[in-house]
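Overview (structure and organization)
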Amino acid sequence: LWAILPRFDRFVPPGPALAEHDATELFVVLRDIARATEQKMPVEVYLLNDVKAFVAHRGGLMGFGSRRVMGIGLPLLQSVTVQELRAILAHEFGHYNSGDVSIGPWIYKTRAAIVRTIQQIGDNALQTIFVAYGNWFLRLTQAVSRRQEFIADEIAARVAGSAAMMSALRKVHGGALAFHGYWNTEVGPVLNAGYLPPIAAGFTKFAEIESVRTRIDDAVNSAEHLGQSDPYDTHPALGERIA
C-alpha cells in the first residue's frame, strides 16, 4: 500500500533558468507562439544541454499545485533556423493546447507506483500480475503519447507551416545524433582533463565537418524511410511524423 501511494514531485531544474532580459529575442518568439496557440506562457524557461525542447507541469501532487515549465536546448538553437524554432516551440505549446501535459503527471506517477509495487512485492505470483498490468499500462499510455505527438505536430504545422515543421524534425533528429557524438568524443575528454572548451562554438565546427555531415544525413535518411514505431516508443518514427 505504501508503494502505491503517490509521491510529491520534487522538481530539480534541468539547467539554468532563462530571464527575459537575458534572452529578449527568444522570449519575443515564445510570446508570439503562445498567442498563436492561445496558451499561457510557462512560468519558468530553462536552458538545456541537448538538442531538444520540452514542456511539462512540475511540482505538486499528481499534477495538482504544479506549474508550467519549458526547457530549450542551447545546441538546438544552434541547429535550426528561426522559422524551424517557431515550429518546434509551436509543437511544445501544442502539448499544452491538447491537454496532454496535464495528464502527464498522472501517467508518470502511476508508472512509478507500479514499479515500486513490483519491487516491494517480491518474486511471487502477485508480482507476475503486476508485471503484466504494468506492461499493458505502458503499451497503452505510450500509444496515447504517440497520438499526442501527432496532434502537437499538426498544431505546429498550422502555426509555422508544414515545410518548417518537417525540416525541423529532420534537423532535430540529426542534430541530436551529432551532439551526442560531439559530447562523448570531443567535449568529455577535454572536461575530464580539467579544461573548459568553447562548447557551443565547438559544436558548430564539429557539425560542419564533411564526414560528420555525411554520416548524419545518412542516418536521418535511414530513419525517415526505414524506421518504424515500437509499441513502447513515446514518439512516432520520424517517417511517420513527416508523412
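Being a predicted model, the structure only gives us computed values, none of them experimental.

1. Observations regarding the packing of helix 6 (residues 162-192) against helix 7 (residues 199-208)
Two elements in contact, helix 6 and helix 7, have axes separated by 10 Å at closest approach and are oriented at 115 degrees. When the axes of helix 6 and helix 7 are compared, the crossing they make is right-handed. Each of Gly 175, Ala 178, Phe 179, Gly 181, Tyr 182, Trp 183, Glu 186 and Val 187 in helix 6 lies in contact with helix 7, whose residues at this interface are Ile 199, Gly 202, Phe 203 and Phe 206.

2. What about the pattern of salt bridges?
Evaluation of the coordinates by the stated rule reveals nine salt bridges. Two residues, Asp 32 and Arg 35, come together in a salt bridge whose shortest N-O distance is 3.8 Å. Linking Asp 32 with Arg 35, this pair stays in helix 1 (residues 24-36), spanning three residues, or about one helical turn. A relative accessible area of 27% places Asp 32 in the partly exposed class. Residue Asp 153 is joined to Arg 241 by a salt bridge in which the shortest nitrogen-to-oxygen separation is 2.8 Å. Within this pair, whereas Asp 153 is found in helix 5 (residues 125-160), its partner Arg 241 is found in helix 9 (residues 238-242), the two being separated by 88 residues in sequence. Using a relative accessible area of 17% as the deciding quantity, one classes Arg 241 as buried. Each of the salt bridges in this network shares a partner with another, and the network as a whole consists of Asp 32, Arg 35 and Arg 86.

3. Topic: the layout of surface pockets
Estimated volume of the second largest pocket: approximately 370 Å³. Together, 16 residues line the second largest pocket, and Ser 79, Gly 174, Gly 175, Ala 207 and Ile 216 are the ones closest to its centre. At the level of secondary structure, the elements contributing two or more residues to the lining of the second largest pocket comprise helix 2 (74-79), helix 6, helix 7 and helix 8 (210-226). Partitioned by chemical class, the residues of the lining of the second largest pocket number six nonpolar, five polar and five charged.

4. Quick word on the sheet that holds strand 1 (residues 44-48)
Within the open sheet, the three strands sit side by side as 1-3-2. Their pairing is mixed. The open sheet has two free edges, formed respectively by strand 1 and strand 2 (53-58), since each of these has just one partner strand. The sheet shows a mean angle of 25 degrees between the axes of neighbouring strands, direction not considered. In this sheet, strand 3 (residues 67-73) lies alongside strand 2 in antiparallel orientation, the contact comprising six bridges.

About the cut-offs
Residues numbered from 1 in each chain as written. Predicted model: local features only at pLDDT ≥ 70, side-chain atom pairs only at ≥ 80, totals over all residues. Heavy atoms only, no water. Axes fitted to C-alpha atoms, helices over the stretch in contact; angles between N-to-C directions. Helix = DSSP H or I, 4+ residues; strand = E, 2+ residues; numbered from the N terminus. Left-handed = near helix turned anticlockwise from the far one by under 90°. Contact = heavy atoms within 4.5 Å. Salt bridge = Lys/Arg side-chain N within 4 Å of Asp/Glu carboxyl O. Buried < 20%, exposed > 50% of the residue type's maximum accessible area, 1.4 Å probe, protein only. 1 Å grid on protein atoms, 1.4 Å probe; cavity = no way out; pocket = protein on both sides within 12 Å on 5 of 7 lines; lining within 4 Å. Points joined across faces, edges and corners; volume = space filled by probe spheres on them. Nonpolar A, V, L, I, M, F, W, Y, C, P; charged D, E, K, R; others polar. Pairing = 2+ DSSP bridges.

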